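Below are the chains, spelled out letter by letter.
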Amino acid sequence: MKTLWLTKSLMLTGLSTMLMTGCATNTASSDGKLDVVTSFYPMYEFTKQVAGEHANVIALIPAGSEPHDWEPSAKDMKKVKEADVFIYNGIVEGWAEQALQSTANTKRVVVEASKGIDLIEGLHEQEEEGEGHSHDLDPHVWLSPSLAQREVEAIAQGLIAVDPTHKDDYRSNADTYIAKLKALDETFRNTLATVKHKEFVTQHAAFGYLAKEYGLTQVPIAGLSPEEEPAPDKMADIIQFAREKQVKTIFFETLVDPKVATTIAKEINAHTDVLNPLEGLTAEDKKNNLDYISVMTNNLQALKKALVE
């Protein structure tokens, strides 16, 4: 298994939330805009919302790619090196520390958006026979609308640091988007407060922060990485749990083969539905003009439907 999930002791050691060397100077490109490189979709979306017209924002990990196993190419490394600002979530991008060290740039500002958030441990299945389970930090903070607000704030501070000329615009854009996230958080809170059931079964352990925030219990089939295959005894435990709790929906996700979720659903005569971890938009998502807030709203409706059955 690729070692993309770093333990606490190794996790991005020595990198602060923002590396502010040279940050007082606007190093905008020839079109007058900042060149901002983000890691994957949530960071891209949050950054676009804050940057507005003042930055060229790109995501390294392309749409439709699963970010847990993605690794940068030489072309990607060049983009990281030449960026005015590099923005990433933290933990999920196991390649980030080495990439930043290999592309030293004293004028670049680095924002680790999840820095300072109390991270929870998530179950991680070991591939090696007999090693059982280990616990790594769960990176999926963006799936809590409450914690997403803190990531947006970190991104705003990073952009302001490198481009103080447009501080007022960044601040206004961030405040506007955070207000939308607060409204989304309130909708989640009100909707899920009255559901009949509190447990939901997912193919991938991506929704721990969301569950914690709204008083739910996530029961993942696999661990933090969606590519992990659950052991037979784990499958049996999930099936037994689902029967005891009368679970009627097994959630799978976009970008990953749903065969495990489908197998369990057939075993307990349940159906499947999508709970999107927002690790990347599909072509269909883009065609339908979906974004973070609309996908999270869809997730809420799927959860509500499953938890009132």
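Okay, so let's go over this structure. For every chain, the first residue of the written sequence is number 1, and numbering continues from 1 along that sequence. This being a predicted model, a pLDDT of at least 70 is required before a residue's local features are given, and a value of 80 or more before pairs of side-chain atoms are given or counted; all residues contribute to the totals for chains, interfaces and linings. Values shown for side chains rest on all heavy atoms present in the structure; no hydrogens or waters enter the calculation.

1. A closer look at the pairing of strand β1 (residues 34-38)
- For every residue, the accessible area obtained with a 1.4 Å probe (protein chains only) is divided by the maximum for its type, and the residue is called buried under 20%, exposed over 50%, and partly exposed between those limits. In this description a helix means any DSSP run of H or I spanning at least four residues, a strand means any run of E spanning at least two, and both kinds are numbered starting from the N terminus. For β1, a buried count of 4 out of 5 residues is recorded, marking the element as mostly surrounded by other parts of the structure.
- Here β1 runs beside strand β2 (residues 55-59); their pairing, made up of 5 bridges, is parallel. Looking at β2, one finds that D35 is bridged to N56.
- Remark: the β1/helix α1 (residues 41-51)/β2 crossover connection has right-handed handedness.
- The pairing of β1 with strand β3 (residues 85-88) spans 3 bridges and is classified as parallel. Strands were regarded as paired on the criterion that DSSP finds at least two bridges between them. Place the viewer so that the strands point away; then a crossover is right-handed whenever the path from the first strand over the helix to the second strand goes clockwise.

2. Considerations on helix α4 (residues 145-162)
- Multiply 1.5 Å by the residue count of a helix minus one, and that product is the helix's expected span. End to end, α4 covers 26 Å across 18 residues, agreeing with the expected 26 Å (1.5 Å per residue, within 8%).
- Among the 18 residues of α4, 14 are classified as buried, and the element is accordingly described as predominantly covered.

3. Considerations on the sheet that holds strand β8 (residues 217-220)
- The 4 strands lie next to each other as β8-β7-β9-β10, forming an open sheet whose pairing is parallel. What marks the edges here is a single partner per strand, and that holds for β8 and β10 (271-274). For this sheet, the mean inter-axis angle between neighbouring strands, taken without regard to orientation, is 35°.
- Sheet topology places strand β9 (residues 249-252) next to β10; 4 bridges connect them, and they run parallel. Residue pairing across strands places F251 opposite D273, the latter belonging to β10.
- Throughout, a contact is declared for two residues whenever any of their heavy atoms are within 4.5 Å. To obtain each axis, a line is fitted to C-alpha atoms, and for helices this fit is confined to the stretch in contact; angles are then taken between N-to-C directions over 0 to 180 degrees. Strand contacts of helix α8 (residues 259-267): β9 and β10, with the helix running at about 175° to β9, the strand carrying the most contacts.
- Contacting β7 (199-202), β9 and β10, helix α10 (residues 292-307) runs over the sheet at an angle of about 160° to β9.

4. Focus on the pairing of β3
- Residues V85 and I87 line one face of β3 and the alternating positions F86 and Y88 line the opposite face, and both faces are buried.
- Relative to strand β4 (residues 109-112), β3 runs parallel, the two sharing 4 bridges. Across the sheet, the residue bridging to F86 is V110, located in β4.
- In this region the chain leaves β3, passes through helix α3 (residues 96-102) and returns to the parallel neighbour β4; the handedness of that crossover is right-handed.

5. Comments concerning the side chain of D285
- Within the secondary structure, D285 sits in helix α9 (residues 283-287).
- We note that D285 is buried and unpaired, the nearest opposite charge coming from K286 at a distance of 9.5 Å.
- If near-sequence neighbours (up to four positions away) are discounted, D285 is found in contact with N276, G280 and L290. For the purpose of counting charges, residues Lys and Arg are taken to be positive, whereas Asp and Glu are taken to be negative. His and the chain ends are not included. We count a salt bridge whenever a side-chain nitrogen from Lys or Arg sits within 4 Å of a carboxyl oxygen from Asp or Glu.

6. Description of empty space enclosed by the protein
- In this analysis the probe radius is 1.4 Å and the grid spacing 1 Å, with only protein atoms considered; a cavity is a set of points the probe fits into but cannot get out of, a pocket is an open set with protein on both sides within 12 Å along at least five of seven lines, and lining residues have an atom within 4 Å of a point. Grid points are joined across faces, edges and corners, and a volume is the space filled by probe spheres set on the points. According to the stated counting rule, one finds 1 cavity of 30 Å³ or more in the structure shown.
- Estimated volume of the largest cavity: approximately 80 Å³.
- Taken together, H197, E199, F200, V201, K245, Q246, V247, K248, T249, A306, L307 and E309 make up the lining of the largest cavity.
- Those elements giving two or more residues to the lining of the largest cavity turn out to be β7 and α10.
- With 3 residues, β7 is the single largest residue contributor to the lining of the largest cavity.
- Only Asp, Glu, Lys and Arg are considered charged in this grouping, and only Ala, Val, Leu, Ile, Met, Phe, Trp, Tyr, Cys and Pro are considered nonpolar; every other residue, Gly among them, is considered polar. Split by residue class, the lining of the largest cavity holds 5 nonpolar, 3 polar and 4 charged.

7. Considering the pattern of salt bridges
- Here the structure, examined in full by the defined rule, presents 7 salt bridges.
- Across the pair E213 and R189 runs a salt bridge whose closest N-O atoms are separated by 3.0 Å. Here the residue E213 occupies a position in helix α6 (residues 208-213), and R189 occupies one in helix α5 (residues 167-192), the gap between them amounting to 24 residues.
- Under the relative-accessibility criterion, R189 is labelled partly exposed at 31%.
- A salt bridge links E199 to K245; the shortest N-O distance between them is 3.9 Å. Of this pair, E199 sits in strand β7 while K245 sits in the loop between α7 (232-244) and β9, placing them 46 residues apart in sequence.
- Looking at E199, the relative accessible area reads 21%, which means it is partly exposed.
- Here K245 falls in the partly exposed class, since its relative accessible area comes to 36%.
- Salt bridges here are not isolated pairs; linked through shared partners, they connect E153, R171 and D175.

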